[in-house]
Amino acid sequence: MLKMSLVSTNKSWLIKKNNKKEMVLNILIAEDNKFTAVQYKKYLESKGFKVTVFTESVRCLEKFKSELRYKKIVLKEDGAPYDYVLLDHDMPKMTGSEIATKIRKLSEKQKIIFLSAYGQSIIENQENRRDEFLQIIQKPFSLEFLYEKIKPKSFTTLCRSQVNDMLTITQSPETIR
């Protein structure tokens with residue numbers, strides 16, 4: 001019989017399955033396309049991630065601030081409140097780059113991945129933020145491709161672009177289903 005329970009740690013959530021501990025990554029997503037947002041949520045949750053999705057950029061930023069305050073005040077922990085923040089770039093009211101800039105001012109070590117067809121625009125807007133905490137995954141991509149990039153240990157193994165030193169990822173068209 002499968003026995004499961006959630007245990008809070010100072011870094012992330014662990015799920016205990018038959019007394020084995022497995023890391024559950026905590027993901028925040030801002031995607032204005034409702035269909036795409038639901039697909040991200042369902043797929044990543046099926047892989048064991050804890051996923052919070054917003055279709056409005058402003059609400060996503062508010063949730064980030066709230067979780068950061070909770071982590072600092074209640075849990076008395078420093079660091080990023082999420083393992084990853086996944087952002088669409090082209091969103092109403094506030095672009096993904098604007099959200100990323102505000103998030104990075106609050107928590108400079110928050111890992112952010114842009115999921116967008118507008119990679120060049122993001123590169124221009126994030127020119128001063130070239131580091132291992134910022135990536136771009138160029139749309140279109142498969143959900144399996146996204147999963148492979150965010151599962152543990154894949155974030156720091158990516159190569160930097162020779163052109164602008166920004167971490168970028170694209171998936172070859174023949175691998176998209």
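Being a predicted model, the structure only gives us computed values, none of them experimental.

1. So, the packing of helix H1 (residues 34-46) against helix H5 (residues 143-150)
Consideration 1: Two elements in contact, H1 and H5, have axes whose closest approach is 11 Å; the angle formed by their N-to-C orientations is 55 degrees. Taken together, the axis directions place H1 and H5 in an arrangement best described as oblique. Viewed along their axes, H1 and H5 form a crossing whose handedness is right-handed. Residues Gln39, Tyr40, Tyr43 and Leu44 of H1 form the contact with H5, whose own contacting residues are Leu143, Glu144, Leu146, Tyr147 and Ile150.
Consideration 2: Broken down by class, the residue content of the contact of H1 with H5 amounts to 7 nonpolar, 1 polar and 1 charged.

2. Re the nonpolar core
Consideration 1: Of all hydrophobic cores here, the largest spans 19 residues; its most connected members are Leu28, Phe64, Val85, Leu87, Ile103, Ile112 and Phe114.
Consideration 2: For this core, the elements supplying multiple residues, two or more each, are strand E4 (26-30), helix H2 (57-73), strand E6 (84-87), helix H3 (96-106), strand E7 (112-116) and strand E8 (134-138).
Consideration 3: With 4 residues, H2 is the single largest residue contributor to this core.
Consideration 4: Ranked by size, the runner-up nonpolar core spans 18 residues in total, among them Tyr40, Tyr84, Phe141 and Tyr147.

3. Digging into H1
Consideration 1: For H1, built from 13 residues, the straight-helix expectation of 18 Å at 1.5 Å per residue is met to within 8% by its first-to-last C-alpha distance of 18 Å.
Consideration 2: Listed in full, the buried residues belonging to H1 are Thr36, Ala37, Tyr40, Tyr43 and Leu44. Considered in projection along H1, the buried side chains sweep an arc of 145 degrees and stay on one side of the axis. Exposed positions of H1 whose direction lies more than 90 degrees from the buried face are Lys34, Phe35, Lys42 and Ser46.
Consideration 3: Two or three places before Phe35, at the start of H1, stands the capping residue Asn33, its side-chain oxygen 3.0 Å from that residue's backbone nitrogen.
Consideration 4: One or two residues past the end of H1 sits Gly48, with phi positive at roughly 100 degrees.

4. Regarding the pattern of salt bridges
Consideration 1: Counted under the stated rule, the structure contains 7 salt bridges.
Consideration 2: In this structure, Lys139 and Glu31 form a salt bridge, with 3.0 Å as the shortest nitrogen-oxygen distance. Of this pair, Lys139 sits in the loop between E8 and H5 while Glu31 sits in the loop between E4 and H1, and the two are 108 residues apart along the sequence.
Consideration 3: Relative accessible area serves as the criterion here: at 24%, Lys139 is assigned to the partly exposed category.
Consideration 4: The structure contains a network of salt bridges with shared partners spanning Glu31, Asp88 and Lys139.

Cut-offs applied
Residues numbered from 1 in each chain as written. Predicted model: local features only at pLDDT ≥ 70, side-chain atom pairs only at ≥ 80, totals over all residues. Heavy atoms only, no water. Axes fitted to C-alpha atoms, helices over the stretch in contact; angles between N-to-C directions. Helix = DSSP H or I, 4+ residues; strand = E, 2+ residues; numbered from the N terminus. Parallel < 35°, antiparallel > 145°, perpendicular 65-115°, else oblique. Left-handed = near helix turned anticlockwise from the far one by under 90°. Contact = heavy atoms within 4.5 Å. Nonpolar A, V, L, I, M, F, W, Y, C, P; charged D, E, K, R; others polar. Core = buried A, V, L, I, M, F, W, Y, C linked by side-chain atoms within 4.5 Å. Buried < 20%, exposed > 50% of the residue type's maximum accessible area, 1.4 Å probe, protein only. Expected span 1.5 Å × (residues − 1). Arc of directions from axis to C-beta. Polar contact = N/O pair within 3.5 Å; in protein donor to acceptor, adjacent residues only side chain to side chain. Salt bridge = Lys/Arg side-chain N within 4 Å of Asp/Glu carboxyl O.

What is shown is where atoms sit, not what they do.
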